[in-house]
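Below are the chains, spelled out letter by letter.
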Amino acid sequence: MISDQTGTNVAVIGTGLSAMACTAALVERGLKPTILDSGIEPPNDVNRLIARMKWVPPNEWAPTDLLEAKQNKTVRNQTIPKKLFFGSDYVFSAGIQMQPTSAENCDVAYTRARSGFSSVWGAAMLPVSNLDMDDWPLCPHHLSKYYKKILSIIPLSAERDHLEREFPLYKSKIRPVDLGPQLRKLLDGFGCRSEKLGTRGIIAGRSRLAVYADPNHHTPGCDSCGLCLTGCPREAIFSTKEFFTDLIKKEKIRYLNNRFVLNVEEIENKVLIKWRPSNEESLNTIMFDRVFVACGALNSTRLIMHSLKYFQKTTKIRESQKFIVPFLTPMGNSAILDSPSFALASALMMTKYGAEKKHWSQMQLSVASDLVFQSLGIDLQRMPKWRKF
């Protein structure tokens, strides 16, 4: 346990979402933690592109800037593309070997980027339901106050609907973004059929998203420009970048960039960290009273295994299985193909599964977007018949 002692020398490794939560708790206790981060930044041309587009109305964006923002070299016919950051794959630590980690028969995604995967995440958030916590050592009420604390930092785009029966909002101030006519019609349909869906173990409603709907000092807010899957020019999709930048300005934390941590070792009542600069081989050390490892599931596991000298050993890391399935509805609206629309997952369908229906599976519903059609090999400009369905 860390007591409220301002003299305690504490470090947090990472700047992703878990590191943000850890840092917030430490700062709340009056501590000034040191943040150790590999901290790879977006390319300069990407930063300049965002600066040109961020506060300008979409109808005034230069066509060349719009084209640059939409580029994605991972788009290939019949494959699922990566969610790049304005065409850059810097978030995925491209070209950087993560020794001593290897994987078989799976696609491993890791990052050494500043803000971690929060720079490109889908921003969907949902608390764990009572049903899914049946065999946990914790009860849902143990987590409720922490959900509220996190949501005091993160914006929540949501609305009150049938999902609340199993998944509380934990926040009073909610402001939904504009989803457009197609998703609105779909959600209205879910509402009309909620009773029938419920008898089949299905509840549906609007997605809970970490998106700023209203303007503030950081962003003009979401205006449904349709670029959610290529990078948000408004920076309206929440990223931990703003959280850590704000704490740096207020001198609440000590941020050390370009620190790739290789090893942590307990020595008496201290923790010795071995690190090296991202592009160098020189080994450096630094000592702390306490260290919190929060650099992602893969990186944290790699770091702890390396520190414990668990070489030539296999560790199983489980994750939820994900599938992408086309979803057609007679309630469609062809106008969506002619104007930009919010492209993140906008609706949720939760379905109980298993013989005893003790757990929920989640379906995230998104409208068709440029990136989806490109990955299917469909050119809307050359195939006008697609506009008639």
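A. Region of the structure containing the overall build of the protein chain. The helix and strand tally for the protein chain stands at nine helices and ten strands. The buried share among the 389 residues of the protein chain stands at 44%. The long-range fraction of contacts in the protein chain, counting pairs at least 24 apart against all pairs at least 6 apart in sequence, stands at 65%.

B. Molecular detail of the pairing of strand β6 (residues 270–276). The element β6 is largely enclosed, with a buried count of five among its seven residues. Sheet topology note: the strand β5 (residues 260–267)/β6 ladder contains seven bridges and is antiparallel. Looking at β6, one finds that Val264 is bridged to Ile273. Linking two consecutive strands that pair antiparallel, namely β5 and β6, is a turn of two residues; a positive phi of about 55 degrees is found at Glu268 within it. As defined by bridge partners, β6 adjoins strand β7 (residues 284–288) across five bridges and the pair is classed as antiparallel. Residue pairing for β7: Lys274 is matched across the bridge by Thr285.

C. Summary view of the side chain of Ser129. When you line up the elements, Ser129 lands in the loop between α3 (63–70) and α4 (140–151). Residue Ser129 is classed as buried on the basis of its relative accessible area of 0%. Leaving out residues up to four positions away in the same chain, Ser129 has contacts with Glu166, Phe167 and Trp360.

D. Examining the sheet that holds strand β10 (residues 359–365) more closely. Read across the open sheet, the three strands follow the order β3-β9-β10; overall the sheet is antiparallel. Only two strands of the sheet have a single neighbouring strand rather than two, namely β3 (202–206) and β10. In this sheet, adjacent strand axes meet at a mean angle of 20 degrees when their direction is disregarded. The pairing of β3 with strand β9 (residues 347–353) spans five bridges and is antiparallel. Opposite Ile202, over in β9, you have Thr351 as the bridge partner.

E. Region of interest: the sheet that holds strand β2 (residues 34–36). An order of β4-β2-β1-β8 is seen for the four strands of this open sheet, with the pairing classed as parallel. Both edges of this open sheet fall to β4 (254–256) and β8 (290–293), since each of them pairs with a single strand only. Going from strand to strand, the sheet's axes swing by 20 degrees on average, the running direction of each strand aside. The pairing of β2 with β4 spans three bridges and is parallel. Among the inter-strand pairings, Thr34 is bridged to a residue of β4, identified as Arg254. Contacts between helix α1 (residues 17–28) and the sheet are confined to β1 (10–13), β2 and β8, with β1 contributing the most and set at about 165 degrees to the helix.

F. Quick look at the pairing of β1. Burial along β1 is two-sided: Val10 and Val12 and Ala11 and Ile13, pointing in opposite directions, are all buried. Relative to β8, β1 runs parallel, the two being bridged by four bridges. The residue bridging Ile13 from the neighbouring strand is Val293, located in β8. Sheet analysis places β1 next to β2, joined by three bridges and oriented parallel. Bridged to Val12 within β2 is Ile35. Note that the unit made of β1, α1 and β2 has a crossover that is right-handed.

G. How the structure looks around unusual backbone geometry. One non-glycine residue, Ala123, adopts positive backbone phi at about 70 degrees. Following the sequence through the fold, Ala123 ends up in the loop between α3 and α4. Phi angles above zero are rare outside glycine, and Glu251 is one such case at about 60 degrees. With respect to the helices and strands, the residue Glu251 is situated in the loop between α7 (240–249) and β4. Its relative accessible area of 60% is what places Glu251 among the exposed residues.

H. A look at the state of the cysteines. Taken as a whole and assessed by the stated rule, the structure comprises zero disulfides. Here Cys222 stays free of any disulfide, with the sulfur of Cys228 as its closest cysteine sulfur at 6.0 Å. A disulfide-free cysteine, Cys225 has its sulfur positioned 5.8 Å from the sulfur of Cys232, the nearest such atom.

I. How the structure looks around the environment of Leu283. With respect to the element layout, Leu283 can be found in the loop between β6 and β7. Measuring from C-alpha to C-alpha, the distance between Leu283 and Phe260 comes to 10.0 Å, with 23 residues separating the pair along the chain. Beyond its immediate sequence surroundings of up to four residues, Leu283 is in contact with Leu262, Lys274 and Trp275.

J. Summary view of a nonpolar patch on the surface. Taken together, the side chains of Val293, Ile304, Leu308 and Tyr310 present a nonpolar region at the surface, about 330 Å² in accessible area. Mapping Ile304 onto the fold places it in helix α8 (residues 297–307).

Calculation notes
Residues numbered from 1 in each chain as written. Predicted model: local features only at pLDDT ≥ 70, side-chain atom pairs only at ≥ 80, totals over all residues. Heavy atoms only, no water. Helix = DSSP H or I, 4+ residues; strand = E, 2+ residues; numbered from the N terminus. Buried < 20%, exposed > 50% of the residue type's maximum accessible area, 1.4 Å probe, protein only. Contact = heavy atoms within 4.5 Å. Pairing = 2+ DSSP bridges. Axes fitted to C-alpha atoms, helices over the stretch in contact; angles between N-to-C directions. Right-handed = clockwise from strand over helix to strand, strands pointing away. Disulfide = S-S within 2.5 Å. Patch = residues over 30% accessible without salt bridge, like charges linked within 9 Å, V, L, I, M, F, W, Y side chains within 5 Å. Areas by Shrake-Rupley, 256 points an atom, 1.4 Å probe, with all protein chains shown as cover. Salt bridge = Lys/Arg side-chain N within 4 Å of Asp/Glu carboxyl O.

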